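Listed here are the chains, written in short residue letters.
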Amino acid sequence: MRRSDKEIKDPELIQEILNQSEVCRVALCDDGKPYIVPMNFGYQDHTLYLHSATQGQKIDILRKNNNLCFQVDTETRLVTSKTPCDWGMRYLSVIGYGKAHFLHNPADKKEALDLIMKKYSPVSSRPEKTFQYSDEAISSVIIIKVEIEEITGKKSGF
């Protein structure tokens, strides 16, 4: 990282950013052509879980090339100044690289869906730690498990 003063080295802060971020941008490469898509996600144990329809461009790309890059951010705010060139952004962000794999086992898919649902649903409204899914719902989604190989964090304005 060029600006070592902005690098986040604390693994707990990186995990906190992943848990607080609402959108994960996933970057893929299709025969040299870049493709990026925002996704809902869950994070646990150095692994991302992404929810997807069973068909589409990202699925086609991942079947050919399972390498991906991802980015999340939180606490993003524009910082203004009297001088336009002194404007900037305040943020906490994480960028990582990993390998994507499709989960096929219904129990594994349910566990990943529970993780994603817990991230986005208010804790007070779902005190139980599992959700109910029909067999049809489980079979009609793909869960992409991303084994993180590299991860870095960056902060600005803190």
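Residues numbered from 1 in each chain as written. Predicted model: local features only at pLDDT ≥ 70, side-chain atom pairs only at ≥ 80, totals over all residues. Heavy atoms only, no water.

A. Spotlight on the pattern of salt bridges. One pass over the structure, following the stated rule, counts 4 salt bridges. Across the pair Asp73 and Arg25 runs a salt bridge whose closest N-O atoms are separated by 3.2 Å. In this pair, Asp73 is assigned in strand 6 (residues 67–79) and Arg25 in strand 2 (residues 24–30), connecting sequence segments 48 residues apart. By relative accessible area, which is 24% here, Asp73 ends up partly exposed. By relative accessible area, Arg25 is classed as partly exposed at 30%. For Asp114, the salt bridge is made with Lys110, and the minimal N-O distance between the two is 3.2 Å. One end of the pair, Asp114, and the other, Lys110, are both in helix 3 (residues 106–120), 4 residues apart, so they sit about a helical turn from each other. Using a relative accessible area of 6% as the deciding quantity, one classes Asp114 as buried. Note on Lys110: relative accessible area 28%, which makes it partly exposed. (Salt bridge = Lys/Arg side-chain N within 4 Å of Asp/Glu carboxyl O. Helix = DSSP H or I, 4+ residues; strand = E, 2+ residues; numbered from the N terminus. Buried < 20%, exposed > 50% of the residue type's maximum accessible area, 1.4 Å probe, protein only.)

B. Structural view of unusual backbone geometry. Phi at Asp45 takes a positive value of approximately 50 degrees, unusual for a residue other than glycine. Within the element layout of this structure, Asp45 appears in the loop between strand 4 (41–44) and strand 5 (47–53). The exposure class assigned to Asp45 is exposed, which follows from its relative accessible area of 64%. Not every positive phi belongs to a glycine, and His46 is a case in point at roughly 60 degrees. Within the secondary structure, His46 sits in the loop between strand 4 and strand 5.

C. Seen up close, helix 2 (residues 57–64). Within helix 2, burial applies to Lys58, Ile59, Ile61 and Leu62. The arc enclosing the buried residues of helix 2, seen along the axis, measures out at 165 degrees, which places them on a common side. Exposed positions of helix 2 whose direction lies more than 90 degrees from the buried face are Arg63 and Lys64. Along its buried surface, helix 2 packs onto strand 2, strand 3 (33–39), strand 5, strand 6, strand 7 (88–103) and strand 8 (141–156). (Arc of directions from axis to C-beta. Contact = heavy atoms within 4.5 Å.)

D. Molecular detail of the nonpolar core. Counting residues in each nonpolar core, the largest one holds 26 residues, and the members touching the most others are Leu18, Leu48 and Ile144. Per-element tally for this core: the top contributor is strand 8, with 4 residues. When neighbours within four sequence positions are excluded, Ile144 is seen to be in contact with Met39, Leu48, Tyr49, Leu50, Ser52, Ile59, Leu62, Ala100, His101 and Phe102. The next biggest cluster of nonpolar side chains, apart from the first, holds 9 residues, and it includes Ala112, Leu113, Val141 and Ile143. (Core = buried A, V, L, I, M, F, W, Y, C linked by side-chain atoms within 4.5 Å.)

E. Examining the environment of Ser140 more closely. Secondary-structure assignment places Ser140 in the loop between helix 4 (135–139) and strand 8. Spatially, the C-alpha atom of Ser140 lies 22 Å from that of Val23, the residues being 117 residues apart in sequence. A distance of 3.1 Å separates a polar atom in the side chain of Ser140 from the backbone oxygen of Ala137. (Polar contact = N/O pair within 3.5 Å; in protein donor to acceptor, adjacent residues only side chain to side chain.)

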